[in-house]
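Each chain, letter by letter, is given below.
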Amino acid sequence: MPRKRTRVECVECRRLEVHHGRGLCSTCHKRASARGQLADYPPSQSQIDKMPAADRYEDYVFLISTGRARTTREAAVIMGVAHKTLEKALTRHRARMRLTNVEQLTTV
Ligand SMILES: [Zn+2]
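Residues numbered from 1 in each chain as written. Predicted model: local features only at pLDDT ≥ 70, side-chain atom pairs only at ≥ 80, totals over all residues.

Engineer: Please clarify how the sheet that holds strand β3 (residues 24-25) should be interpreted in this entry.
Structural biologist: Hydrogen bonds along the backbone pair up the strands of a sheet, which may run parallel or antiparallel. The three strands lie next to each other as β1-β2-β3, forming an open sheet whose pairing is antiparallel. Taken across any chain shown, the strands that pair with only one partner, and hence form the sheet edges, are β1 (7-9) and β3. (Pairing = 2+ DSSP bridges. Helix = DSSP H or I, 4+ residues; strand = E, 2+ residues; numbered from the N terminus.)

Engineer: Before we go on, may I ask you to explain the packing of helix α3 (residues 53-65) against helix α4 (residues 72-79) in this structure?
Structural biologist: Packed helices, taken two at a time, are described by the angle their axes make and the gap between the axes. Axis separation between α3 and α4 bottoms out at 10 Å; the angle between their running directions is 115 degrees. Between α3 and α4, the interaxial angle falls into the category roughly perpendicular. Of the two elements, α3 crosses α4, and the hand of that crossing is right-handed. Between α3, through R56, D59, Y60, L63 and I64, and α4, the contact on the second element is made entirely by A75, I78 and M79. Across the contact of α3 with α4, the residue classes break down as six nonpolar, no polar and two charged. (Axes fitted to C-alpha atoms, helices over the stretch in contact; angles between N-to-C directions. Parallel < 35°, antiparallel > 145°, perpendicular 65-115°, else oblique. Left-handed = near helix turned anticlockwise from the far one by under 90°. Contact = placed C-beta atoms within 7 Å. Nonpolar A, V, L, I, M, F, W, Y, C, P; charged D, E, K, R; others polar.)

Engineer: Even after reading the chapter, I still don't get the environment of R15, so can you show me in this structure?
Structural biologist: With respect to the helices and strands, R15 occurs in the loop between β1 and β2 (16-21). On the neighbour-count criterion, R15 (12 C-beta atoms within 10 Å) is exposed. In the structure, R15 is positioned ten residues away from C25 in sequence and 8.1 Å away in space, judged by C-alpha atoms. If we ignore the near neighbours within four places in the chain, the residues touching R15 are C10 and C25. (Buried ≥ 20, exposed ≤ 12 C-beta atoms within 10 Å, placed from the backbone.)

Rendered as structure tokens:
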């Protein structure tokens, strides 16, 4: 069964579109994602609360790999989540994916 998605005014193109994430419509979300600019569109607090561990992990790896953050603490500040929340999400996701050193692989 398809999930009903919220329609919002896209923060980028201002059209009323199906919400894709971070206040963006699907088109703008894809474009921002392709340009690596998703971090420039912070998610709302309610989105942050609902964000699964995998999404936080993805954001975290992005911040680390682009050098915007050097530690989990810095990444947490940029992502607008508590440091503990981020660490929990990372632990949960790593356990789920059986990953341990992905950051080392992506930071080079
Ligand atoms: Zn848009």
